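Spelled out from the first residue to the last, the chains are:
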Amino acid sequence: MPVTSTRRYLATGIQFRQLAFSFRISKSAIATIVSEVCKAIWTTLLSKHMPEPTEDNFKKIAQGFWDRRQFPNCLGSIDGKHIRIKKPSNSSSMYY
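Residues numbered from 1 in each chain as written. Predicted model: local features only at pLDDT ≥ 70, side-chain atom pairs only at ≥ 80, totals over all residues. Heavy atoms only, no water.

S.K.: Summarise the nonpolar core; cite the residues concerned and give the values.
M.R.: Residues Phe16, Leu19, Ala20, Ile30, Ala31 and Val34 constitute the largest nonpolar core, which totals six residues. Contributions of two or more residues to this core are made by α1 (16–23) and α2 (27–49). (Core = buried A, V, L, I, M, F, W, Y, C linked by side-chain atoms within 4.5 Å. Buried < 20%, exposed > 50% of the residue type's maximum accessible area, 1.4 Å probe, protein only. Helix = DSSP H or I, 4+ residues; strand = E, 2+ residues; numbered from the N terminus.)

S.K.: Help me get a handle on a nonpolar patch on the surface, residues and values and all.
M.R.: On the surface, Phe23, Ile25, Ile33, Val37, Ile41 and Leu45 cluster together to form a nonpolar patch covering roughly 540 Å² of accessible area. Residue contributions to the nonpolar patch peak at four residues, all from α2. Mapped onto the elements of the fold, Val37 is located in helix α2. What makes Val37 partly exposed here is its relative accessible area of 43%. (Patch = residues over 30% accessible without salt bridge, like charges linked within 9 Å, V, L, I, M, F, W, Y side chains within 5 Å. Areas by Shrake-Rupley, 256 points an atom, 1.4 Å probe, with all protein chains shown as cover. Salt bridge = Lys/Arg side-chain N within 4 Å of Asp/Glu carboxyl O.)

S.K.: Tell me what's going on with unusual backbone geometry, and back it up with residues and numbers.
M.R.: Backbone geometry follows two general trends: most residues other than glycine have a negative phi, and most peptide bonds adopt the trans configuration. A positive phi is found at Gln70, a non-glycine position, where the angle reads about 50°. One non-glycine residue, Asn73, lies in positive phi territory at about 55°. Of note, Asn73 is situated in the segment after α3 (55–69). For Asn73, a relative accessible area of 75% translates into the label exposed.

Below, the structure written as structure tokens:
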């Protein structure tokens, strides 16, 4: 992946330019290293942390929500977030 912008940041907020200066190597070398490391992390951890969804997996997750909280037909949750959902037309009080 070639670097097209002059300002690239890592999750820490450090620019590639600053890393290049710190390690005394070029910005393009930093960009190549970061790209290769990210690609290696992605390919190594993808199957473990983001497995391909299957019907059996969905049923197992939904059963877990039911077993723990008696919450039916749930496949996931977002912790600590309030998401505003627009209710469908003519749904009366089914949605809050």
